[in-house]
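Coordinate inspection notes
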Amino acid sequence: MKSLLKKSLIVGALTLAAGSALADWNTGASYTNLGFDDPDLSLGVVTANAGYTFDNIYSDWSVMPEIRLGTGVKGDEVSGFDIDVESFLVLATRFSYQATDATSFYIQPAYANLKIDGAEDGEWEFGVGVGSSFAINQDWDLEVMYEKYDDADLISFGTRYFF
């Protein structure tokens, strides 16, 4: 599984570096809830993202390498200690299928780093997400995504602007 994720991220990075006349820059923002089972805690993060979409790679499929950078906005408490997110960084490649003019579905392998306040370094982990985008108009989308990492479940709601 990790090998597939690494290969997908490499393909995304190479695609981004190659450039294309069929590509579109985009940016957005989202709110992400990070849920952990052990210990039981829930953290909130606001992220900004930037991506580059390569349309019509194959029929109705597109590829979008992206970067997300976030900071904590909602902490939690475990055994009397406050837990807050200092930073959240995600490198991902989205493989998207355009189901209708307004709706697309995607799978998104990712490599993420979560740094907790007071911790020396964040921990990098591979994960995968699935989600859907809904076009409001030609320039704006609404998005919802679920991501799974080793010990965390993430649910995100956001918006994206296409240049």
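Before going into details, it helps to say that this report is about the structure given with it. (Residues numbered from 1 in each chain as written. Predicted model: local features only at pLDDT ≥ 70, side-chain atom pairs only at ≥ 80, totals over all residues. Heavy atoms only, no water.)

Quick look at the overall build of the protein
Along its length, the protein carries one helix and 10 strands. For the protein, the N- to C-terminal ordering of α and β elements is α-β-β-β-β-β-β-β-β-β-β. Out of the 163 residues in the protein, the part that is buried amounts to 40%. A separation threshold of at least 6 residues defines the contact pool for the protein, and within that pool the share at least 24 residues apart is 52%. Surface accessibility of the protein: about 9,000 Å² in total, with carbon and sulfur atoms responsible for 60%. (Helix = DSSP H or I, 4+ residues; strand = E, 2+ residues; numbered from the N terminus. Buried < 20%, exposed > 50% of the residue type's maximum accessible area, 1.4 Å probe, protein only. Contact = heavy atoms within 4.5 Å. Areas by Shrake-Rupley, 256 points an atom, 1.4 Å probe, with all protein chains shown as cover.)

Quick notes on the nonpolar core
In this structure, Leu34, Phe36, Phe88, Val90 and Tyr149 are the most contacted members of the largest nonpolar core, which totals 16 residues. Top element by residues in this core is strand E6 (residues 85–98). It accounts for four residues. (Core = buried A, V, L, I, M, F, W, Y, C linked by side-chain atoms within 4.5 Å.)

What to know about the pairing of E6
Bridge count for strand E3 (residues 61–74) against E6 is 10 bridges, and the pairing is antiparallel. If you follow Pro65 over to E6, its bridge partner there is Thr93. When E6 meets strand E7 (residues 103–116), the two strands line up antiparallel, connected through 11 bridges. Of the residues in E7, the one forming a bridge with Val85 is Ile116. Between the antiparallel neighbours E6 and E7 lie four residues. (Pairing = 2+ DSSP bridges.)

So, the side chain of Asn49
Considering the arrangement of structural elements, one finds Asn49 in strand E2 (residues 41–58). You can call Asn49 buried: its relative accessible area is 5%. Within the local environment of Asn49, its side chain forms a polar contact with the backbone nitrogen of Gly28, the two atoms lying 2.9 Å apart. Looking at Asn49, its side chain comes within polar contact range of the side chain of Arg160, at 3.2 Å. (Polar contact = N/O pair within 3.5 Å; in protein donor to acceptor, adjacent residues only side chain to side chain.)

Some details on a nonpolar patch on the surface
Together, Ile107, Val130, Tyr146, Ile155 and Phe157 give the surface a local cluster of nonpolar side chains, amounting to about 450 Å² of exposed area. Structurally, Tyr146 is set in strand E9 (residues 140–149). Residue classification places Tyr146 among the partly exposed residues on the basis of a relative accessible area of 37%. (Patch = residues over 30% accessible without salt bridge, like charges linked within 9 Å, V, L, I, M, F, W, Y side chains within 5 Å. Salt bridge = Lys/Arg side-chain N within 4 Å of Asp/Glu carboxyl O.)

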